[in-house]
Amino acid sequence: MKPVRWRLIPISACLVGAILSPSVRAEPVALEPVTGMLHPRLSPDGERIAVSWQGAISVLPVEGDTLTRLTRGVGWDVEPAWSPDGKTIAFLRTPNFHGGRLLLLDVESGEVRDLAKVVRGEGKLWFSADGKRLLGRFSDKPGQSRIAWLDLATGALSPLPIGPEDPDRFRRKRIQFAPSADGTHVIYAAHRDEPGEQGGNRGPESDVARCRVDGSGAEALFTWPARIYDLAPKPDGTGVVVVTDLGTTHNDLWRLPFAEPLRKAERITASHADDDRPAFDEAGATLVWTDNADGATALRTRDEGTARVKEIPVTNVDFGEPTGRLALTLIDGAEGDPVPARVSIRREDGKFFFPPNDALYRLTGETGHFYTKGAAAFDLPAGDYAIRAFRGPEYRIAERAVTVKADAEAKEEIAMTRWIDLAERGWFSGENHVHANYGYGEWYNTPATVFRQCAGEDLNVCNAVIGNSDGDAVFDREFFLGQLDPRSTDEHLLYWGEEFRSTIWGHMTLSNLTTLIEPIMTGFEGTTNPWDVPTNADIAERAIDQDGLVGYTHPAGNRLDLYDQPYSAKGLPVDAALGRVALMDVHGHTYEGSIHLWYRLMNCGLEIAGSSGTDVFLNRVRSFPMGWARTYVHLPEGLTYARWTAGQRAGRSFFTNGPMLRFLVDGHGMGESVSLSGPGTVTIEAKAESPVPLDRVEIVQNGSVVRTIELAGDGRSARFAGELEVSHSGWLALRAHGPPHPDIVREPTAHTNPVRVEVPGAPNPETARDAAFFLKWIDRLEADLEERDRIPNERLWNHVRAQLDGARDYYRGLR
């Protein structure tokens, strides 16, 4: 290891003043090319770039070489913005990479100071020409974020009347905005989304407008035929550079002149990944942006005079303090072999640290982490660190306290140990809804990085999906193979499937496909598929024809009204009655609503297996890990993709984000049936085990709790062996729940698929009620379809009504 040298540097010689002591600091650490810089902003003179790097505001020369970290302390420091004199950087300090407290950084001294009063901001910031105000999305009260000018001396906010007054509608519009270089106007672009509707339902267009800096004199400029995700006004006032996905899957930069913006639009970049966050210097000589084509972001600049584009090389990091080296090895506690895992490294001052390259670092809750194949070694500031290593719910979280000394290497071997081994019992985990690259994200994933995360979470089956977002573009289509990804191993299987997305019927995950099913989406105005046909039932039938597994995902996000949510599975009761659906992702972001929709469907005799789909976006810093909720399928003959798919289809499974369940009724397991000669008793074997405390374990019959099982003293286990009276047909299942825990995403929950019970002459008493519920549901859906008017002719309307009526016939038969 190259030692870190020390030298005396006068303050005036420092690039910036991140001062360790009045005169002593560490020399920069030479590293491999550094990546992962976010939110770049050029200084007014065009000589320096401020970025957010690994949660700290940092600065580098426009030519590259050395990146200097300026901020320390708890929180993620993001969204830097230079003052007109280049002496101050405004930024946001956030616990979760989203909105946070607005702070000011003195670039020369490194001092961070508060404003006159606490103000919360979200997104990009801009100084006024005189440096006395900031433009941004601000709030001084919770939940009241608006585009406003902030007076830096008083903390007073002056909201601009940009966009709708309704805060929810305002958020759905996703307005991008920036002040003009001459300080006279604010230019903004708004999407056409509305609350209560999916993104893209009203088309992908962006309406570009401007108003005076006080909000008056609003005028429409033009409509751009695609989404605009960011914009930077040209300093000469002739137009804007925008981030848009026109004609492609990922985001590129386009120059749009105010004079004839459509005819004279110029595409500046073209990449297989995302270009984002354009920013000019004051003179407009240089444009800077981020490009994640190689995974983590690199910085690129464009000379506006010559149109020459170059990548900014960053090979040194100046932490502004002494550094040492940390070398980690993660091994399997039983076998002793290196294992992939998710690792979090946090210094005592609150900052997280990651390898400087090849680390698509992420943030779950308020914990930063990255994935390693089994070893990681890199330089970082000297100090005391807390290291935590994760490997899915079957492993104990490994924790270490490590001291990294200056000019020395700290070596740490961490053994990952199981508290339970489900594979030894014939149970294998997987999930159905993982996005590698979806919408704009800071990172770009490949099958290799997706597989690394799959193995790092000890997830046996990862069903990654391709799909559209708000328009025609389909993300990750190039990764679909119609068979297992070749990176798969005996223990970890990666298969690329499809998320079919309809803006009215709902979203389905289609796995075990040999060919993609087109179209990939319906009901998106202004695209090649604006109609509400083909229906989800039609798409499901095409999947079934190739032995695909059809499941609805995030089916019910509103517990109070299972139908009423933009992304709810409005077509599920129809398609289930038609026999087109095998699964629904009960566990995931919509558990509280979805579980009750599932209960009603099962009460109607529909054999739909519950499953897990986390809908994670692996290309975003702020996201959950894949498999945070997962389905365990019983495969006594061992793991193959075909067996796992068949077992999930049959419901021989339970789903969980931590607790592990066992449930037998008269010796029959999940997904099986028990036939009685008449009302009587059944023998129950039930067991719950959990890595964190639970507050209840319950046996559920036809949606109602019929037995609460006493928990052991530590609250981490419960057992029951005994008889249960059964007087009518239906189903039985076991579920567990616990209070919120920092190491579990959402509240700890687990649920088995049911064991069905048949009692001759004694039907399920809940069936008539729930059949009536779904008949009203279908009437409501048909009315919404008529109001949308996106079925183009009577022949297709007859086809749709035939499906609705077929489902009605099923539920009427139950009544």
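Structural notes, computed from the coordinates. (Residues numbered from 1 in each chain as written. Predicted model: local features only at pLDDT ≥ 70, side-chain atom pairs only at ≥ 80, totals over all residues. Heavy atoms only, no water.)

### A word on the sheet that holds strand 54 (residues 717–726)
Strands belonging to one sheet form pairs held by backbone hydrogen bonds; the direction of such a pair is parallel or antiparallel.
And then number 1: Judged by pairing direction, the sheet is antiparallel, and its three strands sit side by side in the order 49-51-54 without closing on themselves. Every interior strand has two partners, whereas the edge strands, strand 49 (660–665) and strand 54, have only one. Across this sheet, the average inter-strand angle for adjacent strands is 15°, counted without regard to direction.
And then number 2: Note: strand 51 (residues 680–689) against strand 54, 10 bridges, orientation antiparallel. Pairing of Thr683 across the sheet is with Glu723, part of strand 54. (Pairing = 2+ DSSP bridges. Helix = DSSP H or I, 4+ residues; strand = E, 2+ residues; numbered from the N terminus. Axes fitted to C-alpha atoms, helices over the stretch in contact; angles between N-to-C directions.)

### Brief notes about helix 2 (residues 447–456)
And then number 1: Of all 10 residues making up helix 2, nine are buried, and the element is well covered by its neighbours.
And then number 2: What helix 2 keeps buried is the set Pro447, Thr449, Val450, Phe451, Arg452, Gln453, Cys454, Ala455 and Gly456.
And then number 3: Where the residues of helix 2 are buried, they touch strand 30 (341–347), strand 31 (362–364), strand 32 (367–372), strand 34 (383–390), strand 38 (461–468) and strand 40 (493–502). (Buried < 20%, exposed > 50% of the residue type's maximum accessible area, 1.4 Å probe, protein only. Contact = heavy atoms within 4.5 Å.)

### Let's talk about the pairing of strand 26 (residues 298–303)
And then number 1: Most of strand 26 sits inside the fold, with five of its six residues counted as buried.
And then number 2: Pairing of strand 25 (residues 286–291) with strand 26 involves six bridges; the strand directions are antiparallel. For Trp289, the partnering residue across the bridge sits in strand 26 and is Arg300.
And then number 3: Where strand 25 folds back onto strand 26 in an antiparallel hairpin, the turn is made up of six residues, including Gly295, whose phi is positive at roughly 115°.
And then number 4: Sheet analysis places strand 26 next to strand 27 (residues 309–311), joined by three bridges and oriented antiparallel. When the bridges of strand 27 are listed, Thr301 appears paired with Lys310.

### What to know about unusual backbone geometry
And then number 1: Residues Glu518 and Pro519 are joined by a peptide bond in cis, for which omega reads -5°.
And then number 2: Position of Pro519 among the secondary structure elements: in the loop between strand 41 (506–511) and strand 42 (521–522).
And then number 3: Cis rather than trans, the peptide bond between Val533 and Pro534 has omega equal to 0°.
And then number 4: Its place among the elements puts Pro534 in the loop between strand 42 and helix 3 (536–545).
And then number 5: The phi angle at Glu79 is positive, at roughly 55°, despite the residue not being glycine.
And then number 6: With respect to the helices and strands, the residue Glu79 is situated in strand 8 (residues 76–82).
And then number 7: Positive phi values are uncommon outside glycine, yet Phe97 reaches one of about 65°.
And then number 8: Structurally, Phe97 can be placed in the loop between strand 9 (88–94) and strand 10 (100–106).
And then number 9: Judged by its relative accessible area of 11%, Phe97 is buried.

### Some points on the packing of helix 5 (residues 591–603) against helix 7 (residues 767–788)
And then number 1: One way to put it is that helix 5 packs onto helix 7 with a least axis distance of 8 Å and a crossing angle of 115°. In this view, helix 5 runs roughly perpendicular relative to helix 7, as classed from their interaxial angle. In the packing of helix 5 onto helix 7, the handedness of the crossing is left-handed. On the side of helix 5, the interface is formed by Leu597, Arg600, Leu601 and Asn603, while helix 7 contributes Thr767, Arg769, Asp770, Phe773, Phe774 and Trp777.
And then number 2: Across the contact of helix 5 with helix 7, the residue classes break down as five nonpolar, two polar and three charged. (Parallel < 35°, antiparallel > 145°, perpendicular 65-115°, else oblique. Left-handed = near helix turned anticlockwise from the far one by under 90°. Nonpolar A, V, L, I, M, F, W, Y, C, P; charged D, E, K, R; others polar.)

### Topic: the pattern of salt bridges
And then number 1: Enumeration over the complete set of coordinates arrives at 64 salt bridges.
And then number 2: In this structure, the salt-bridge partner of Glu79 is Arg277, at a minimum N-O distance of 2.6 Å. Taken as a pair, Glu79 in strand 8 and Arg277 in strand 24 (residues 275–280) lie far apart in primary sequence, 198 residues in all. Residues Glu79 and Arg277 agree in their burial class; the two are buried.
And then number 3: Residue Arg255 is joined to Glu304 by a salt bridge in which the shortest nitrogen-to-oxygen separation is 2.7 Å. Separated by 49 residues along the polypeptide, Arg255 in strand 22 (residues 252–257) and Glu304 in the loop between strand 26 and strand 27 bring together distant segments of the chain. Neither Arg255 nor Glu304 differs from the other in exposure class; each is buried.
And then number 4: Through salt bridges with shared partners, a single ionic network connects Asp779, Glu782, Glu786, Glu794, Arg801, Asp805 and Arg808. (Salt bridge = Lys/Arg side-chain N within 4 Å of Asp/Glu carboxyl O.)

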